[in-house]
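Reading the structure
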Amino acid sequence: MKKIVMIAMGLLGCAFTHAQEKIETTISGDVVSSYIWRGQDLGNVSLQPTFGIGYKGLSLTAWGSVGLSEPADTKEFDLTIGYTVGGLNIGITDYWFNAGLDPENRYFKYDAHGTNHVFEANIGYDFGLASIQWFTNFAGNDGVNKDGERAYSSYVELAVPFRLASTEWTATAGAVPFATDFYGTTGFAVTNLALKATKDIKVSDSFSIPIFGQVVANPCSRKAYLVFGFTLQP
């Protein structure tokens, strides 16, 4: 699920900061040492491709993840539609996993009690110095609360980008406001404290490879992770 897509490309990575006057496309792929999403460990070494298209603030992005070192890792395919105007962004993401309620892993099964899809809505605002995002699952294979009812699992995240020593940094703090087994929480819980650094490695005058490192701590689960990755793009 990644960095959702402004976070799935830097905080919901599929939304564009400013309305575009022409059609723009994004084609890239990340290779990561482990797949950590909102403070949760979702897999080992993974390939995570992205394909996106945007026009005048409207964007459609496809994002996926497949394990490279562990065949049993869950495969994921997400579709996000988003719209950005000024600093405001909204979006809807369809997450799909090849493991879940449907034992046959069928993509086109949308039965409320048997689908492997999770549908999430998001809204956020980029203030320049910081951005905030709110995400809520509204349909599909969501978690349940302490009463066994649909939790409408939610997550809120604050991100602060900055530049230090010719390197781009992002400090992130994320929390789950309500109890849900989707995130493994019994109430309000801080689940994601992260610091990420990104730097371009120049290969030639016309080609460079962005590499990144990230330290992630989940105070709720009492776990911490160190992630390394690089991005390939035209």
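Please read all numbers here as calculations on a predicted model, not as lab measurements. (Residues numbered from 1 in each chain as written. Predicted model: local features only at pLDDT ≥ 70, side-chain atom pairs only at ≥ 80, totals over all residues. Heavy atoms only, no water.)

**Section: the overall build of the protein**
The number of helices and strands found in the protein is 0 helices and 16 strands. The C-alpha atoms of the protein give 17 Å as radius of gyration, which agrees with the globular expectation for 234 residues (17 Å, within 12%). Taken along the three principal axes of its C-alpha coordinates, the protein extends 55 × 40 × 40 Å. Counting every position in the protein, which comprises 234 residues, the buried fraction comes to 46%. For the protein, contacts bridging at least 24 residues in sequence account for 43% of all contacts bridging at least 6. Across the protein, the 16 positively charged side chains and the 22 negatively charged ones have centroids separated by 5 Å. (Helix = DSSP H or I, 4+ residues; strand = E, 2+ residues; numbered from the N terminus. Rg over C-alpha atoms; globule rule 2.2 N^0.38 Å. Buried < 20%, exposed > 50% of the residue type's maximum accessible area, 1.4 Å probe, protein only. Contact = heavy atoms within 4.5 Å. Lys, Arg positive; Asp, Glu negative; His and termini not counted. Charge placed at Lys NZ, Arg CZ, Asp CG, Glu CD.)

**What about unusual backbone geometry?**
Here Arg 38, not a glycine, exhibits a phi torsion of approximately 55 degrees, which is positive. Along the chain, the position of Arg 38 falls in the loop between strand E4 (35-37) and strand E5 (40-43). Phi is positive for Ala 165, which is not a glycine, with a value near 55 degrees. Residue placement: Ala 165 occurs in the loop between strand E12 (154-164) and strand E13 (167-176).

**Examining the pattern of salt bridges**
In this structure the tally under the stated criterion is 6 salt bridges. Residues Arg 106 and Asp 102 are paired through a salt bridge, measuring 3.4 Å at the closest nitrogen-oxygen approach. In this structure Arg 106 comes out as partly exposed when scored by relative accessible area, which is 40%. Two residues, Lys 202 and Asp 205, come together in a salt bridge whose shortest N-O distance is 3.4 Å. Relative accessible area serves as the criterion here: at 60%, Lys 202 is assigned to the exposed category. It is possible to trace a salt-bridge network through shared partners that takes in Asp 102, Glu 104 and Arg 106. (Salt bridge = Lys/Arg side-chain N within 4 Å of Asp/Glu carboxyl O.)

**Section: the pairing of E5**
In the sheet, E4 pairs with E5 via 3 bridges, with the strands oriented antiparallel. Considered in E5, the bridge of Ile 36 is made with Asp 41. Counted along the chain from E4 to the antiparallel partner E5, the turn is 2 residues long, and its residue Arg 38 has a positive phi close to 55 degrees. (Pairing = 2+ DSSP bridges.)

**Let's talk about the pairing of strand E16 (residues 223-232)**
By the bridge criterion, 4 bridges tie strand E3 (residues 24-32) to E16 in an arrangement that is antiparallel. Along E16, the bridge assignment pairs Gly 29 with Leu 232. Here strand E15 (residues 207-218) pairs with E16 via 8 bridges, running antiparallel. Each residue of the ladder has a partner; that of Val 215, found in E16, is Leu 226. Between E15 and E16, which pair antiparallel and follow one another directly, the connecting turn spans 4 residues, one of which, Arg 222, has a positive phi of 60 degrees.

**Overview of the sheet that holds E13**
Strands sit in the order E3-E6-E7-E8-E9-E10-E11-E12-E13-E14-E15-E16 around a closed barrel of 12 strands; the barrel is antiparallel. Across the sheet, the mean angle from the axis of one strand to that of its neighbour is 20 degrees, orientation sign disregarded. Of the pairings in the sheet, the one linking strand E8 (residues 76-85) to strand E9 (residues 88-97) comprises 10 bridges and is antiparallel in character. Paired with Ile 81 across the two strands is Ile 92, which belongs to E9. (Axes fitted to C-alpha atoms, helices over the stretch in contact; angles between N-to-C directions.)

**Some details on the side chain of Asn 116**
As for its position among the elements, Asn 116 is in the loop between E9 and strand E10 (117-126). Look at Asn 116 and you get buried, because its relative accessible area is 1%. There is a polar contact of 2.9 Å between the side chain of Asn 116 and the backbone nitrogen of Leu 101. One polar contact links the side chain of Asn 116 to the main-chain amide nitrogen of Asp 102, over a distance of 2.9 Å. With residues near it in sequence (within four places) discarded, Asn 116 still touches Tyr 95, Trp 96, Phe 97, Asn 98, Ala 99, Gly 100, Leu 101, Asp 102 and Asn 105. (Polar contact = N/O pair within 3.5 Å; in protein donor to acceptor, adjacent residues only side chain to side chain.)

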